[in-house]
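# Per-entry structural report
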Amino acid sequence: GNSMIEHTTSGGEAAVVIVHEEADDQIQGQQILKINDVSWSGIFRSYRRLSLPIIAFSLANISTGLINAAFFSQLGTDGLAAGGLIQSTQWLGTGWARAFLVSVSLRGAMYYGGNQFSKVGAVYRTGLVQAAGLSVPVMIFLGTSSELLEVLGNPPQLTSLVAQYFRGYMLGIPAHM
């Protein structure tokens, strides 16, 4: 668990020390995060070096939807309708797998923020292996999604467009993860 201890530094500054105890055998003892400036702006400055890359990734990931819609709109009404099916199916197919990988990002950020840089590489390699393993069920789901969409009542002309898209898209799934 976490415990927070108020502390005064030798210079008389107020500080908060957050002690995070981990049961994980990869982390020995306790990790201590010192925040010298306990104002909201000080706390924000302490965390922004970890949160800004995550925010940038999220914005880049969200922008793919806008780019997809722009491209699909050039294909006419069937293309646009297929694009809607593709986007929602793509998020369903890849979202759950990416959720598993969030823990890798958090673990890497924790080690990086705790100045345990030697452990960051191991976390990165673990994440690559996990992403490769998760790619297989994602590719199977997306490869068979057009049949599922047809069973759910979508017209065959749309589901064939979805199938064509995912045949090409599946090749990039390991890199996408």
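What you are looking at is a predicted structure, and each value in this text was computed from that prediction instead of being measured.

## Some thoughts on the overall build of the protein chain
Looking only at helices and strands, one finds five helices and three strands in the protein chain. Per-residue burial over the protein chain gives 28% buried out of 177 residues. Considering only intrachain contacts with a sequence separation of at least 6, the fraction spanning at least 24 residues in the protein chain is 52%. Summed over all atoms, the accessible surface of the protein chain reaches about 11400 Å², with 65% contributed by carbon and sulfur.

## Observations concerning the packing of helix H2 (residues 76-113) against helix H4 (residues 156-169)
Two elements in contact, H2 and H4, have axes separated by 9 Å at closest approach and are oriented at 50°. Classified by the angle their axes make, H2 and H4 are oblique. With respect to the hand of their crossing, H2 and H4 are arranged in right-handed fashion. Contacts between H2 and H4 involve Asp78, Gly79, Ala81, Ala82, Leu85, Ile86, Thr89, Gln90 and Thr94 on the former and, on the latter, Gln157, Leu158, Leu161, Val162, Tyr165, Phe166 and Tyr169. Taken together, the residues of the contact of H2 with H4 sort by class into ten nonpolar, five polar and one charged.

## A closer look at H2
Since the α-helix turns once every 3.6 residues, residues separated by three or four places project in the same direction. End to end, H2 covers just 49 Å across 38 residues, shorter than the expected 56 Å (1.5 Å per residue, more than 12% under). At Gly95, H2 is bent by approximately 35°, the largest bend along its length. Immediately beyond the C-terminal end of H2, within one or two residues, lies Asn115, with a positive phi of roughly 55°.

## Re the nonpolar core
In a soluble, globular protein the nonpolar side chains are often hidden away together inside. Within the largest apolar cluster, 22 residues are counted, with the highest numbers of intra-cluster contacts made by Leu101, Leu142, Val162, Phe166, Ile173 and Met177. Those elements giving two or more residues to this core turn out to be H2, helix H3 (117-151) and H4. Beyond its immediate stretch of four places on either side in the chain, Met177 contacts Ala97, Arg98, Leu101, Ala131, Leu134 and Ser135.

## Topic: unusual backbone geometry
Note: most peptide bonds trans; most residues except glycine with negative phi. Of note in the backbone geometry, Asn115 takes a positive phi value of approximately 55° without being a glycine. Along the chain, Asn115 falls in the loop between H2 and H3.

## Focus on the layout of surface pockets
Volume-wise, the largest pocket comes out at about 810 Å³. Along its surface, the largest pocket is lined by 25 residues, and Phe57, Leu101, Val102, Val104 and Ser105 are the ones closest to its centre. At the level of secondary structure, the elements contributing two or more residues to the lining of the largest pocket comprise helix H1 (40-73), H2 and H3. Top element by residues in the lining of the largest pocket is H2. It accounts for eleven residues. A class-by-class count of the residues in the lining of the largest pocket yields 17 nonpolar, six polar and two charged.

## Focus on the packing of H2 against H3
The geometry of H2 relative to H3 is characterised by a closest axis approach of 9 Å and an angle of 170° between their N-to-C directions. Regarding the angle of H2 to H3, the classification is roughly antiparallel. When its residues are assigned to classes, the contact of H2 with H3 shows 19 nonpolar, eight polar and two charged.

How each quantity is defined
Residues numbered from 1 in each chain as written. Predicted model: local features only at pLDDT ≥ 70, side-chain atom pairs only at ≥ 80, totals over all residues. Heavy atoms only, no water. Helix = DSSP H or I, 4+ residues; strand = E, 2+ residues; numbered from the N terminus. Buried < 20%, exposed > 50% of the residue type's maximum accessible area, 1.4 Å probe, protein only. Contact = heavy atoms within 4.5 Å. Areas by Shrake-Rupley, 256 points an atom, 1.4 Å probe, with all protein chains shown as cover. Axes fitted to C-alpha atoms, helices over the stretch in contact; angles between N-to-C directions. Parallel < 35°, antiparallel > 145°, perpendicular 65-115°, else oblique. Left-handed = near helix turned anticlockwise from the far one by under 90°. Nonpolar A, V, L, I, M, F, W, Y, C, P; charged D, E, K, R; others polar. Expected span 1.5 Å × (residues − 1). Bend = angle between axes of the 7 residues up to and from the residue. Core = buried A, V, L, I, M, F, W, Y, C linked by side-chain atoms within 4.5 Å. 1 Å grid on protein atoms, 1.4 Å probe; cavity = no way out; pocket = protein on both sides within 12 Å on 5 of 7 lines; lining within 4 Å. Points joined across faces, edges and corners; volume = space filled by probe spheres on them.

So yeah, pure geometry; function would need other evidence.
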